[in-house]
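Listed below are the residues making up each chain.
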Amino acid sequence: MSDLCLGVDIGGTKTRVGVVTSTHRVLDVRESPTPVREGAQAVLAVVARLGRELRGRWVDVAACGVGTAGVVDPAGGMVVASTDTLLGWAGTPVVGELTTLLGLRVHIDNDVNAFALGEVAAGAARGRAHVLAVMVGTGIGGAILLDGRLWRGAHHNAGEVGHVPVPGFGDRPCTCGGSGHLEGVAAGPAMAARYRQRSGDAVSFAEVARRAEAGDALAAEVVDEGGRVLGQLLAGLTNAIDPELVVVGGGAAQPGGRYWSAAERHYRQHLLPAVGDVPLLLARLGKDAVIVGAAELARRSISVPRS
Ligand SMILES: [Zn+2]
């Protein structure tokens, strides 16, 4: 049997499909904007088109794994719930539809779960069995790996760290409709919104972070606050879950940046002695992490002989 799998990353901006080897090398990638306003069938059609393009070149693909935004039921092959980012995505039987469209066995999971599997397979958490993985970008998502397996919870919702309440921030709206949650304080758009509220300047988080480095005191305060809250929460989760390491990916966490420094500092401050050495690491696979992890998901589900 071939050792190649397709890994699919369905995001709120782009859809990327890659061919991945059993040693987690990405050989080829195709990408296209995700038609987020056109409904589920349009999104699936994009995945099918990119997948067929790749299979035209790499004929020996054995299976396909999909990592997608939203709450996912892997056993049922469905997206259970989704935000408005992907219109009509909740309720989509992704596995059934893509199996027909691609003529391959298809497996699905949440994109942050796939990110965690990718980092465990070939990134910063390589070979680890107990991992807390968090992505900080437009939103904040998480995944928990225990004893080498993703912990999914009773409602497929495990790892949703972005909606843990943060005391003292009840005035900050969250994308879930609630307020005072981690995502409403420490995600990129939340920090940009806070900066705009206080300065009147409507700029991206990347620009807020740049201004913070350049000496803008207000920008620094906003970025430090987000980093502090993220660090405190990661420490709390580490105290509760007891992972071997914590890995953080996504656009907001940049090495050497003010946000990451604040997160590291406050993370260390709140760890209990027993977990005081648990490393807080940046992800290594960059934008391919979900593709690598989705392919790994497919690989774990098929009986490829391992040599
Ligand atoms: Zn929330």
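In case you missed it, the structure is sitting above this.
The model shown is predicted, which means the values in this text are computed figures rather than measured ones.

(A) Expanded view of the overall build of the chain. Check the secondary structure of the chain and you find nine helices and twelve strands. Taken over C-alpha atoms, the radius of gyration comes to 19 Å for the chain, in line with the 19 Å a tight globule of 307 residues would show. Overall, the C-alpha framework of the chain stretches about 55 × 45 × 35 Å when taken along its three principal axes. Within the chain, counting contacts between residues at least 6 apart in sequence, those at least 24 apart form 61% of the total. Carbon and sulfur atoms make up 51% of the accessible area of the chain, which totals about 13200 Å². When the 29 positive and 30 negative side-chain charges of the chain are each reduced to one mean point, those points stand 4 Å apart.

(B) Examining helix H5 (residues 188–199) more closely. Compared with the 16 Å implied by 1.5 Å per residue over twelve residues, the 16 Å span of H5 between its first and last C-alpha is a close match. Packing partners of the buried residues in H5 comprise helix H4 (182–186), helix H6 (205–213), helix H7 (217–241) and helix H8 (258–270). Gly 200 lies just past H5 and shows a positive phi near 85 degrees.

(C) Spatial organisation of the coordination of the zinc ion. Of the protein atoms, only His 163 (ND1), Cys 174 (SG), Cys 176 (SG) and His 181 (ND1) coordinate the zinc ion, at distances of 2.0 to 2.3 Å. Seen from the zinc ion, its four donor atoms lie at angles of 98 to 119 degrees, and the figure they make is tetrahedral. All donors of the zinc ion come from a single chain, and their spacing in sequence reads H-x10-C-x1-C-x4-H. In this pair, His 163 sits in the loop between strand E10 (149–150) and H4 while Cys 174 sits in the loop between E10 and H4, placing the two residues eleven residues apart along the sequence.

Here is what the cut-offs are and how they apply
- Every chain's residues receive numbers from 1 upward, in the order its sequence appears when written.
- Two thresholds apply to this predicted model, a pLDDT of at least 70 for residue-level local features and 80 or more for giving and counting side-chain atom pairs, whereas whole-chain, interface and lining totals are computed over all residues.
- With hydrogens and water excluded, all non-hydrogen atoms of the structure serve as input to the side-chain values.
- Secondary structure elements follow DSSP: runs of H or I no shorter than four residues count as helices, runs of E no shorter than two count as strands, and numbering proceeds from the N terminus.
- Note that the radius of gyration is over C-alpha atoms, with the globule rule given as 2.2 Å times the number of residues to the power 0.38.
- We call two residues in contact when some of their heavy atoms are within 4.5 Å.
- Throughout, the Shrake-Rupley method with a 1.4 Å probe supplies accessible areas, and for residues the shown protein chains are the sole cover considered.
- In this tally, Lys and Arg are treated as positive and Asp and Glu as negative; His is ignored, and so are the chain termini.
- All charge positions are set by atom: Lys at NZ, Arg at CZ, Asp at CG, Glu at CD.
- A helix is expected to reach a length of 1.5 Å times the quantity of its residues less one.
- Donor atoms are limited to N, O and S found within 2.8 Å of the metal ion, a distance that becomes 3.2 Å for Na, K and Ca. With water left out, some sites might look partial.
- Irregular is the default label, applied whenever a site is not tetrahedral (four donors, all angles between 85 and 135 degrees) and neither square planar nor octahedral (four or six donors, opposite donors over 155 degrees apart, all other angles between 65 and 115).

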